[in-house]
Each structure stands twice: as structure tokens, then as C-alpha cells.
Amino acid sequence: MERIYFDNAATTAPYPAVLAAMTETAQGFYGNPSSLHSEGQAAQKLLSACRAKLAGLLGCAPDELYFTSGGSEADNWAIRGLAKAGAKKGKHHIVTSAFEHHAVLHTVQALEKEGFSVTYLPVHEDGYVRPAELEAALRDETALVTVMYANNEIGTIQPVAELGAICRAYGVPFHTDAVQAVGHLKIDVANENIDLLSLSAHKFHGPKGIGALYVRKGLSFPNLIEGGAQERSRRAGTENLPAIHGMTVALETALADLDKTAPCVRALRDRLIAGALKIERSRLNGGIERRLDGNASICFEGVEGEALLLHLDLAGIAASSGSACTSGSLDPSHVLLALGLPHEIAHGSLRLSLCESNSEAEVDYFLGKLAEIVALLRDMSPVWEKLQNESKQEGR
Ligand SMILES: *Cc1c(COP(=O)(O)O)cnc(C)c1O
């Protein structure tokens, strides 16, 4: 059997049309978009067309989009930029959630060291921020609110439009890390009261190393890189046109097919979840209602997530024990701890993230292997033995 890829939240395979667009652009549009000659102007025209197309797909104006090297850069720029603009007005308070991606969390923590105070909204056992709790957290000196659109580990989708409406009512700029959501959900930044939004192409079958930050017009916001007039002088540097074109084709394709692919991906996910939860002492992390179509995050008591992951890899299946950025460290994920899971349960977590090229046969093969591997690992686990003894005593 060919390998099975269930780690689309870490990154996705580029669509063939994306690779074709990138090659065509690198060969045929190598001119510098800032050059005045024909080669430059052809590249400039393609760049503008891509920006306009992407803006249309997101519900914003072309000059509200700034290309970046990806999601991490967009998150860093958004948060540092808003913090700086806020500080100028004497505002030194930030509101975020407890389970943000590290690109957000570490930026906020760095600002905390620099003198900002931060409120971390709880995400509760179901993995959702409560709008009323955001409203209660806002202060006169709040410089920004940043809450992710959809969580990268447990897939829960936040009530972004409501959060944005509250921020707007209080005049606080609202940023959302939508890296897991763009290309997977229909998003309209204007309708959803979003002031800034981060996205990254490689999470929706586009190239790596390219993304964008949407910044609503009229917002006071500082430059990221000095040195040229690119991106309206806010982020200098010759544009990565092959990647920008690839990203544009990827988003167009993902959204054009979404009505068709989303129900299929959801059905695969639900089959996977139902099968996995037949294993005793397992649980789904995060609510099922508002959840990314491809995401299944499951904990198995008495099992180490890393061991499970390595055994699955040997069986031909690529999965994740949490987010790729934290694997390698043996601390349980901050996301699962934010849900209130105890350390020993959070250790046994597995994230499967599916896409439209996965199949029922793959899910069924995975479920068979999963049951075998969990049983094998539990056989060797002192934690599992202890759990068994405890439940025997309770039964007595
Ligand atoms: C992947 C990811 C990022 C980082 O994006 P890069 O383009 O890899 O820098 C940020 N936020 C979330 C939610 C992500 O899933």
C-alpha cells in the first residue's frame, strides 16, 4: 500500500495546477515587477492580477493585502504592529486566547516581557472562546485582540464574526490567525468584522514560504521591512511572484471545489472519529459542532502520543501527536492543557488531518492499525496497568 498522509494541518501537498503556475511564472515572468521595461511590466501585471484575485476571494480590497513569507511572519507583524500603534496612544494591554499557535503566543509573550499586560481568554473543555468573556476582558487601554479563526490542533472554529463585532463596538483592532481556516472555510473579512487576518499558502495546497496579511484600510499600522516601494512601502523586497501566483491558483482551486470536497472530507473524518472512539478510554478533543472538516484530535489513555506516531509511521501512515512545531518536545501540548486535560491524558494525543485526496480505504486501514498499535503500547505501559487496576478496584 502507498503511504497515507493524514497530516494536512502541518502542511499540504501542492495541487498540480499550483506547480504548473509556479514553473510557468518562474520561466516566463522573471522580470522584476518594479522595472519599467516590458519584462518588468508583464510581471507587475501578473502580480496585480494575483492580488486582485486573492482580495476578491477574501472580501477585501487589493490594497488591503500585504504578501509575507507565510503565517508566522503575518502573525508577528500583525501583533507587533498593533502593539506599537497602541503603545503610541498609551495602550499596553493585549487580549488573546490560551491556545493560539506559537507564532502568536510567543509574540505576545515577548511583548509581555516588554511591559504589555496580557489577558489569555479560556477556551473551555470544548475548545471555544466565549464572546461575553472577550467583552469582559476589554479595557480602555486594550491595544489589540488576537484570537485564531480555527485551532491547528483540535480544529475548533471560533465565533470570529461575533468577536469582531464586540471589538468594533469598543474600537479595539481585531486580528485573527486564519492560517488553518483560509481555503477550508468561506471567509469574508468585511462581513466578519475582521481588521487583520493572517494566511499561509502551504496549508491549502499552495507553496511554502508565502502568505499574506490583510490589514483593513484606515488602520494605523507600522511598516515591517524598509528598503523599497513593494507592498506600498510596508514590506520591502522583490516579490516572490512564482509563489504568489501559486498561492492564488491554490486558493482559487480550494474555494471553487469547497462545496464538493467539504462534505466528503467531513464524512471521512466522522468515519475516522467513530472508529477511533470504539477503542476504550479514548476521547475526542474539542467540540464536534464547529470544527474543521478534516480535523480529528483524539486522546488515548495509557499511550504516549509520540510512540503511537512512530508506530503509525512504520505502518505507512503520517500523523501528528500535536502541532509539528511542538513535536520533538515531550511537554504535552499547551492546546490540550488549555482544554483542561490532565498531563497524563494530554500525552496520549493524536491529530489526524485529512484532505479531499484521502479515501475511505485509507481510513479503514488506519483504524485497523490504530487498534493494533494502541493495544501493543498499552500492553507495555505501566500507566495502563495502573488504570486497569484502579478500574478493577472501583468495580469491586
Ligand atoms: C501553520 C500555522 C502557522 C504558521 O504558518 P507558516 O506559514 O508555517 O509560518 C500559524 N498559525 C497557524 C494556526 C498555523 O496552523
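Residues numbered from 1 in each chain as written. Predicted model: local features only at pLDDT ≥ 70, side-chain atom pairs only at ≥ 80, totals over all residues. Heavy atoms only, no water.

Looking now at the side chain of Q180. Locating Q180 in the fold gives a position in the loop between β6 (174-177) and β7 (196-200). Not counting chain neighbours up to four residues away, the residues in contact with Q180 comprise A9, A150, N151, N152, K203 and L292. (Helix = DSSP H or I, 4+ residues; strand = E, 2+ residues; numbered from the N terminus. Contact = heavy atoms within 4.5 Å.)

The N-to-C vectors of helix α1 (residues 16-28) and helix α7 (residues 241-276) enclose an angle of 150 degrees; their axes lie 8 Å apart at closest approach. Considering their axes alone, α1 and α7 lie roughly antiparallel with respect to each other. At the point where α1 passes α7, the crossing takes the right-handed sense. Here A17, V18, A21, M22, E24, T25 and A26 of α1 lie close against α7, whose contacting residues are L241, P242, A243, H245, G246, V249 and A250. For the contact of α1 with α7, a count of residues per class yields 10 nonpolar, 3 polar and 1 charged. (Axes fitted to C-alpha atoms, helices over the stretch in contact; angles between N-to-C directions. Parallel < 35°, antiparallel > 145°, perpendicular 65-115°, else oblique. Left-handed = near helix turned anticlockwise from the far one by under 90°. Nonpolar A, V, L, I, M, F, W, Y, C, P; charged D, E, K, R; others polar.)

A few words on the site of the ligand. Around the ligand, a shell composed of 13 residues is seen, among which S72, D177, Q180, S200 and K203 lie nearest. Taking K203, its side chain carries an N or O atom lying 2.7 Å from an oxygen atom of the ligand. Protein chains shield 87% of the accessible area of the ligand, which is 390 Å² for the free molecule. With 3 residues, the single largest contributor to the shell around the ligand is helix α3 (residues 71-88). Of the residues assigned to the shell around the ligand, the class counts are 2 nonpolar, 8 polar and 3 charged. (Near = heavy atom within 4 Å. Polar contact = N/O pair within 3.5 Å; in protein donor to acceptor, adjacent residues only side chain to side chain. Areas by Shrake-Rupley, 256 points an atom, 1.4 Å probe, with all protein chains shown as cover.)

Another point: the packing of aromatic side chains. On inspection of all chains with the given rule, the structure shows 3 aromatic pairs. Ring geometry for Y66 and W77: centres 5.7 Å apart, planes at 70 degrees, overall edge-to-face. Here W77 lies in helix α3 and Y66 lies in strand β2 (residues 65-68), a separation of 11 residues in the sequence. Three or more aromatic residues joined by ring pairs make a cluster, and in this case those are Y66, W77 and F221. Sitting above the plane of the Y66 ring, R232 keeps its charged end 4.2 Å from the centroid. The lysine or arginine in question, R290, covers the ring of Y128, its NZ or CZ lying 4.4 Å from the ring centre. (Phe/Tyr/Trp six-rings, centres within 6.5 Å; stacked < 30°, edge-to-face > 60°. Lys NZ or Arg CZ within 6 Å of the ring centre and 35° of its normal.)

All right, on to the nonpolar core then. In this structure, L134, V145, Y149, V182, I187 and L197 are the most contacted members of the largest nonpolar core, which totals 67 residues. Top element by residues in this core is α7. It accounts for 11 residues. When sequence neighbours within four positions are dropped, the list of residues in contact with L197 reads H175, T176, A178, V182, I187, V189, A212, L213 and Y214. By size, the runner-up hydrophobic cluster in this structure holds 27 residues, among which are V303, I317, L350 and F366. (Core = buried A, V, L, I, M, F, W, Y, C linked by side-chain atoms within 4.5 Å. Buried < 20%, exposed > 50% of the residue type's maximum accessible area, 1.4 Å probe, protein only.)

A separate point is helix α6 (residues 160-170). Of the positions making up α6, those classed as buried are V160, L163, G164, I166 and C167. Buried residues of α6 fall within an arc of 160 degrees about the axis and therefore sit on the same side. The inward-facing, buried residues of α6 abut α5 (131-137), β5 (142-146) and β6. G171, located one to two residues past α6, shows a positive phi value of around 70 degrees. (Arc of directions from axis to C-beta.)

Counting buried positions over the 5 residues of strand β12 (residues 349-353) gives 5, a clear majority of the element. Residue alternation in β12 divides its side chains into two sets, S349, R351 and S353 and L350 and L352, and both sets are buried. Taken together, the 5 bridges between strand β10 (residues 295-300) and β12 define a ladder with antiparallel strand orientation. The partner of C299 across the bridge, within β12, is S349. (Pairing = 2+ DSSP bridges.)

Looking now at the sheet that holds β10. With antiparallel pairing, the 3 strands of this open sheet are ordered in space as β9-β10-β12. With one partner strand each, in any of the chains shown, β9 (282-284) and β12 form the two edges of the open sheet. Direction aside, the axes of adjacent strands within the sheet are offset by 25 degrees on average. Where α7 meets the sheet, it contacts β9, β10 and β12, and its direction lies at approximately 10 degrees from that of β10.

Looking at where K53 falls in the secondary structure, it is placed in helix α2 (residues 38-58). Judged by its relative accessible area of 37%, K53 is partly exposed. It is 9.3 Å that separates the C-alpha atoms of K53 and L251, two residues lying 198 residues apart in sequence. Residues within four places of K53 in sequence aside, it is in contact with T248 and E252.

This paragraph deals with the side chain of H93. With respect to the helices and strands, the residue H93 is situated in strand β3 (residues 93-97). On the basis of relative accessible area, H93 is assigned to the buried category, the value being 0%. Reaching out from H93, the side chain makes a polar contact with the side chain of T142 at a distance of 2.8 Å. If we ignore the near neighbours within four places in the chain, the residues touching H93 are F116, S117, V118, T119, A137, R139, E141, T142, A143 and L144.

Once that is clear, we can look at the pattern of salt bridges. A complete count under the given rule lists 19 salt bridges for this structure. Linking D195 and R216 is a salt bridge whose minimum nitrogen-to-oxygen distance equals 2.6 Å. Of the two residues, D195 sits in the loop between β6 and β7 while R216 sits in the loop between β8 (211-215) and α7, which places them 21 residues apart along the sequence. Its relative accessible area of 3% is what places D195 among the buried residues. By relative accessible area, R216 is classed as partly exposed at 29%. Residues joined by salt bridges that share partners form a network here, namely R168, D195 and R216. (Salt bridge = Lys/Arg side-chain N within 4 Å of Asp/Glu carboxyl O.)

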